[in-house]
Amino acid sequence: MASKIKQSSVSYLFDIINTVFLILLAASCIYPFWDTLIVSFSSLKGYLSTDIHIWPSEWSFAGYAYMFGNKDLWLSYANSLFITIAGTFVNVIITVMTAYVLSKKNLKGHRVLTFLAVFTMMFSGGIIPTYIIVKEVHLINSLWALILPTAITTSYMIIMRNFFFGIPKELEESAVIDGCTEVGVLFKIMLPVSLPGVLTIALFYSVDHWNDFFNAIMYLNDRFKWPLQLFLRSMLFESDAAYSSGGESLFLLGQPMKMSAVIAAILPIMLVFPFFQKYFTKGMLVGAVKG
């Protein structure tokens, strides 16, 4: 039986220092979120009573009561859900089809098409030309203006392309011999094998859509079409204005209401992410090294 290797004092000291450092690093990452959560459940008086918020000194649900009692909040939630679900569906379909085509090395003009795709990562049309195009196709003040102009992201397409590169060509060839079309090969063979990659880019796209408010500012004029992020931004600005004028009740003016808005915005992504985490890790690793 092999004897246990004795650890030197220097190695033992390094382990201690490394462990302490990682604990402090983790705490520095966790505390901002914890502070946000605790402040959201605190009263304005409790929030002002201390600078470090480990636990609420005075509990209050007034911020959440106002937030979730506002019908405009639920309307903005519905808009964000539509943008996220419909946008992610469009993104994934177009990204997968583009990546599948560019994974065909025997395709004529393969190098040129790949170069043109990668070129868009370095140069874009700019805000004003994009706005003009959106206006000319009559998408101003439409939720589709937040979906169609960003229908594909080149970096995510490259991840899927690398996945397709890593799949044995024998699978595709055997499907073609059995009479499967190119569309059938993609949806019946390639996609099931590439599920981690598909879910990875779906998570990326959904987070991008959920957090997007800049495009909403540019393209949406109707308040009833605002997504959640834009609605919360408006609420925070109105709260600050009300604080300056002194015309609103205290619980709407302080930091607890703002932190309640932050929690309301990030909660859906927090609930979804754990279900995609195992695919996310595998998808990033495999998609990054293959090809």
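Nothing here was measured: the structure is a model prediction, and the numbers come from that model.

> Tell me about the overall build of the chain, residues and numbers included.
Scanning the chain for helices and strands turns up 13 helices and zero strands. Along the chain, helices and strands appear, N-terminal first, in the series α-α-α-α-α-α-α-α-α-α-α-α-α. In the chain, once contacts between residues fewer than 6 apart in sequence are set aside, the share between residues at least 24 apart is 73%. Only carbon and sulfur atoms are counted for the fraction: they give 70% of the accessible area of the chain, which is about 17,700 Å².

> Residue-level account of the packing of helix 5 (residues 110-122) against helix 7 (residues 154-166), with values.
Between helix 5 and helix 7, the least distance of the axes is 9 Å, while the angle of their chain directions is 145 degrees. Judged by residue contacts, His110, Thr114, Ala117, Val118, Thr120 and Met121 of helix 5 engage Thr154, Ser155, Met157, Ile158, Arg161 and Phe165 from helix 7.

> Can you explain unusual backbone geometry? Please cite residues and give values.
Among all residues save glycine, negative phi is the norm, and among peptide bonds the norm is trans. For His138, which is not glycine, the phi torsion reads 60 degrees and is therefore positive. In the Ramachandran plot, Asn141 falls in the positive-phi region, its phi being about 65 degrees despite a non-glycine side chain. Since its relative accessible area comes to 22%, Asn141 is described here as partly exposed.

> Give me the lowdown on the packing of aromatic side chains, citing residues and values where you can.
On inspection of all chains with the given rule, the structure shows 15 aromatic pairs. Each ring, one from Phe115 and one from Phe119, has its centre 5.9 Å from the other, and the planes form 45 degrees; the classification is tilted. Here Phe119 and Phe115 lie together in helix 5, a separation of four residues that amounts to about one turn. Arranged with centres 4.9 Å apart and planes meeting at 85 degrees, the rings of Tyr156 and Tyr205 form a pair that is edge-to-face. With Tyr156 in helix 7 and Tyr205 in helix 10 (residues 195-211), this residue pair connects regions lying 49 residues apart in the sequence. Each of the two residues, Tyr156 as well as Tyr205, counts as buried. A connected cluster of aromatic rings, assembled from ring pairs, spans Trp34, Phe41, Trp55, Trp59, Phe61 and Tyr64. Note that Lys105 overlies the ring of Phe165, its terminal NZ or CZ placed 4.9 Å from the centroid.

> So what's going on with helix 9 (residues 182-193)? Which residues, and what values?
Under the 1.5 Å per step criterion, the end-to-end length of helix 9 is 16 Å for twelve residues, consistent within 8% with the ideal 16 Å. Among the residues of helix 9, Gly184, Val185, Leu186, Met190 and Leu191 are the ones counted as buried.

> Please provide a residue-by-residue account of the side chain of Thr88, values included.
Turning to its location among the elements, Thr88 is positioned in helix 4 (residues 71-102). Residue Thr88 is classed as buried on the basis of its relative accessible area of 11%. Sequence-distant contacts of Thr88, defined by excluding residues within four places in its chain, comprise Ile83, Ala202, Tyr205, Ser206 and His209.

> Any chance you could break down the nonpolar core for me, citing the residues and the numbers?
Ranked by internal contacts, the top residues of the largest apolar core, which has 23 residues, are Val96, Met160, Phe164, Leu186 and Met190. The set of elements that each furnish at least two residues to this core consists of helix 4, helix 7, helix 9 and helix 10. A total of six residues in this core trace back to one element, the largest contributor, which is helix 7. Excluding anything up to four places from it in sequence, Val96 contacts Met160, Phe164, Leu186, Leu191 and Val198.

> Residue-level account of the environment of Pro149, with values.
The residue Pro149 is located in the loop between helix 6 (127-136) and helix 7 in this model. When its relative accessible area of 37% is taken as the criterion, Pro149 is described as partly exposed. Separated by 19 residues in the primary sequence, Pro149 and Thr130 place their C-alpha atoms 8.0 Å from one another. With near-sequence residues (within four places) excluded, Pro149 lies in contact with Val134 and Trp144.

> Describe helix 7, naming the residues involved and giving the relevant values.
The end-to-end C-alpha distance of helix 7 is 19 Å, a good match for the 18 Å that 13 residues give at a rise of 1.5 Å each. Of all 13 residues in helix 7, ten are buried; the element is thus mostly enclosed.

> Any details on the packing of helix 4 against helix 7? Residues and values, ideally.
Two elements in contact, helix 4 and helix 7, have axes whose closest approach is 8 Å; the angle formed by their N-to-C orientations is 50 degrees. Of the possible angle classes, the one that applies to helix 4 and helix 7 is oblique. Crossing geometry of helix 4 relative to helix 7 is assigned as right-handed. Counted together, Thr95, Val96, Thr98, Ala99, Tyr100 and Leu102 of helix 4 and Tyr156, Met157, Met160, Arg161, Phe164 and Phe165 of helix 7 form the full contact between these two elements.

> Explain a nonpolar patch on the surface residue by residue, including any values.
On the surface, a nonpolar cluster with roughly 1,000 Å² of combined accessible area is contributed by Val101, Leu107, Val112, Leu113, Phe115, Leu116, Val118, Phe119, Met121, Met122 and Phe123. Inspection of the secondary structure puts Met121 in helix 5. Take Met121: its relative accessible area is 46%, and that puts it in the partly exposed class.

> Which residues make up the environment of Thr130, and what are the values?
If you trace the backbone, Thr130 turns up in helix 6. The exposure class of Thr130 is partly exposed, given its relative accessible area of 29%.

So, how was this worked out
- Residues numbered from 1 in each chain as written.
- Predicted model: local features only at pLDDT ≥ 70, side-chain atom pairs only at ≥ 80, totals over all residues.
- Heavy atoms only, no water.
- Helix = DSSP H or I, 4+ residues; strand = E, 2+ residues; numbered from the N terminus.
- Contact = heavy atoms within 4.5 Å.
- Areas by Shrake-Rupley, 256 points an atom, 1.4 Å probe, with all protein chains shown as cover.
- Axes fitted to C-alpha atoms, helices over the stretch in contact; angles between N-to-C directions.
- Buried < 20%, exposed > 50% of the residue type's maximum accessible area, 1.4 Å probe, protein only.
- Phe/Tyr/Trp six-rings, centres within 6.5 Å; stacked < 30°, edge-to-face > 60°.
- Lys NZ or Arg CZ within 6 Å of the ring centre and 35° of its normal.
- Expected span 1.5 Å × (residues − 1).
- Core = buried A, V, L, I, M, F, W, Y, C linked by side-chain atoms within 4.5 Å.
- Parallel < 35°, antiparallel > 145°, perpendicular 65-115°, else oblique.
- Left-handed = near helix turned anticlockwise from the far one by under 90°.
- Patch = residues over 30% accessible without salt bridge, like charges linked within 9 Å, V, L, I, M, F, W, Y side chains within 5 Å.
- Salt bridge = Lys/Arg side-chain N within 4 Å of Asp/Glu carboxyl O.

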